[in-house]
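# Topology and contacts: notes
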Amino acid sequence: MYRMVPSKAGQAARDGGLIAQLRRGALEYCVLALLERGERYGFDLVRELAEVDGMVTTEGTIYPMLARLRRDGVVETTWRESPAGPPRRYYKLTPSGGQALKEFRQEWIRFRDGVDRVVSTS
Amino acid sequence: MATQAVKEYLHDLEAELRDLPRSRRQELLGEIHEHIDSALADAPARDEAEVRNVLDRLGDPADIAEEARQRFGLPKVKSGALEIATLILLPVGGLILPVIGWFIGVILLWSSRVWTTGEKLAGTLLFPGGLLLPAGLGFVAVGGQSCSGVIQNADQFITGPAQEIVMSCDGPSTLYTVGAVILMAVLVIVPIAMAVVLARRMRARTAPV
């Protein structure tokens, strides 16, 4: 007979289970949302994401995600002169990235509100 | 020195990213390098503590590499039977099955994803054959001692069994002996040490199966 073991579920979530997966997935759309507000250097993008509470533990792991987003064609980079030093990569949202963000936004709000109604204690 | 720490960090990252396609690896290294430059350009003082801080915030190169593998759908690097067989065959494979045993070890070494190209080169060249070479040399040294028998009293009048044969083993000179012992020690220690280093590198960067 199946019995739910709360400690196990909690442990899985802490060990990079559900919460880590949620964070990973949502982080991609946070990048798209930041770029929707304006184009940015990679470094500024990473620092802004790092400021979102609980979203990023190590800044370096954001770069593989950015590389993947670029390969998927939702963001693109151009080289720009930087205020100090050599030219740097400048990130911007592509039209397909804008479309992906729009769809995510609708789904996310529905999902978030649904979960909140059931899970929320207040 | 501050720039030395950055260099080491990027070097470690490059090693961790070894199993990614070259273009992806270059791209990530370039971006992380840019990130470090930008962070330090913003920093008020570019001292050692500041550099450490920037590198700490970036995180462990192994974590960045693992994230890259997940994002690009590459399998996790794991150590298994292949790596264990490699670590056994490189030093002693040549003794079990002369030459061929070591050669199989080399093939396994190069087909593993656990080690970097530099480590594979070192594992192959230090030393070819593993312990087969010192074992062979030891055998030759013991078997090849030259002994000569000298018949003494031969020019004297032989009366009865006065003739005696003096056997003298013509041992090598002391200098030669010391040199040979050192050479043997190096030939024995280096292949074993190499296997230990490879095992440690493997343990440092893989999750056991």
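Residues numbered from 1 in each chain as written. Chains lettered and ligands numbered in written order. Predicted model: local features only at pLDDT ≥ 70, side-chain atom pairs only at ≥ 80, totals over all residues.

### Considerations on the overall build of chain B
- If you tally the helices and strands in chain B, you get nine helices and four strands.
- The helix and strand sequence of chain B, counted from the amino end, reads α-α-α-α-β-α-α-α-α-β-β-α-β.
- In chain B, which comprises 209 residues, the share counted as buried stands at 24%.
- Excluding contacts between residues fewer than 6 apart, the proportion of contacts in chain B whose partners are at least 24 apart in sequence is 65%. (Helix = DSSP H or I, 4+ residues; strand = E, 2+ residues; numbered from the N terminus. Buried ≥ 20, exposed ≤ 12 C-beta atoms within 10 Å, placed from the backbone. Contact = placed C-beta atoms within 7 Å.)

### Quick notes on the overall build of chain A
- Helix and strand counts for chain A stand at five helices and three strands.
- In chain A, which comprises 122 residues, the share counted as buried stands at 21%.
- Of the contacts formed within chain A by residues at least 6 apart in sequence, a portion of 44% connects residues at least 24 apart.

### Some points on the interface of chain B and chain A
- At the interface, 20 residues of chain B touch 17 residues of chain A.
- Looking at side-chain class alone, the side of chain B that touches chain A contains eight nonpolar, three polar and nine charged residues. (Nonpolar A, V, L, I, M, F, W, Y, C, P; charged D, E, K, R; others polar.)

### Brief notes about helix α6 (residues 100-111) of chain B
Residues and elements named next belong to chain B.
- Over its twelve residues, α6 extends 17 Å from the first C-alpha to the last, a length consistent with the 16 Å expected when each residue adds 1.5 Å.
- Inspection of α6 places Trp102, Gly105, Leu108 and Leu109 among the buried residues, and these make up the whole buried set. One side of α6 holds all its buried residues, which, seen down the axis, span an arc of 115 degrees. In α6, the exposed positions angled more than 90 degrees off the buried face are occupied by Ile100, Ile107 and Ser111. (Expected span 1.5 Å × (residues − 1). Arc of directions from axis to C-beta.)

### Regarding the packing of helix α3 (residues 42-51) of chain A against helix α2 (residues 22-42) of chain B
- The N-to-C vectors of α3(A) and α2(B) enclose an angle of 75 degrees; their axes lie 9 Å apart at closest approach. With respect to α2(B), the axis of α3(A) lies roughly perpendicular. Listed contacts from α2(B) to Gly42(A), Phe43(A) and Val46(A) of α3(A) are Glu31(B), Glu34(B), His35(B), Ser38(B) and Ala39(B).
- Across the contact of α3(A) with α2(B), the residue classes break down as three nonpolar, three polar and two charged. (Axes fitted to C-alpha atoms, helices over the stretch in contact; angles between N-to-C directions. Parallel < 35°, antiparallel > 145°, perpendicular 65-115°, else oblique.)

### With respect to the sheet that holds strand β2 (residues 75-80) of chain A
Residue and element names in this part refer to chain A.
- With antiparallel pairing, three strands are arranged side by side in an open sheet as β1-β3-β2. One side of each edge strand has no neighbouring strand; the edge strands of this open sheet are β1 (40-41) and β2.
- In this sheet, strand β3 (residues 88-93) lies alongside β1 in antiparallel orientation, the contact comprising two bridges. Opposite tyrosine 41, over in β3, you have tyrosine 90 as the bridge partner. (Pairing = 2+ DSSP bridges.)

### A few points about helix α2 (residues 18-37) of chain A
All names here are of chain A.
- The terminal C-alpha atoms of α2, which comprises 20 residues, lie 29 Å apart, in line with the 28 Å expected from a rise of 1.5 Å per residue.
- Along α2, the positions that sit buried rather than exposed are Glu28, Val31, Leu32 and Leu35.
- Buried residues belonging to α2 abut β1, α3, α4 (62-71), β2, β3 and α5 (95-119).

### Describing the pairing of β3(A)
- Across six bridges, the pairing between β2(A) and β3(A) is antiparallel. Note that in β3(A) the partner of Trp79(A) across the bridge is Arg89(A).

### Here's the deal with the environment of Ala15(B)
Residues and elements named next belong to chain B.
- Among the secondary structure elements, alanine 15 is positioned in helix α1 (residues 2-16).
- With 18 C-beta atoms counted inside 10 Å, the residue alanine 15 sits in the partly exposed group.
- Sequence separation between alanine 15 and proline 61 is 46 residues, and the spatial gap between their C-alpha atoms is 8.9 Å.

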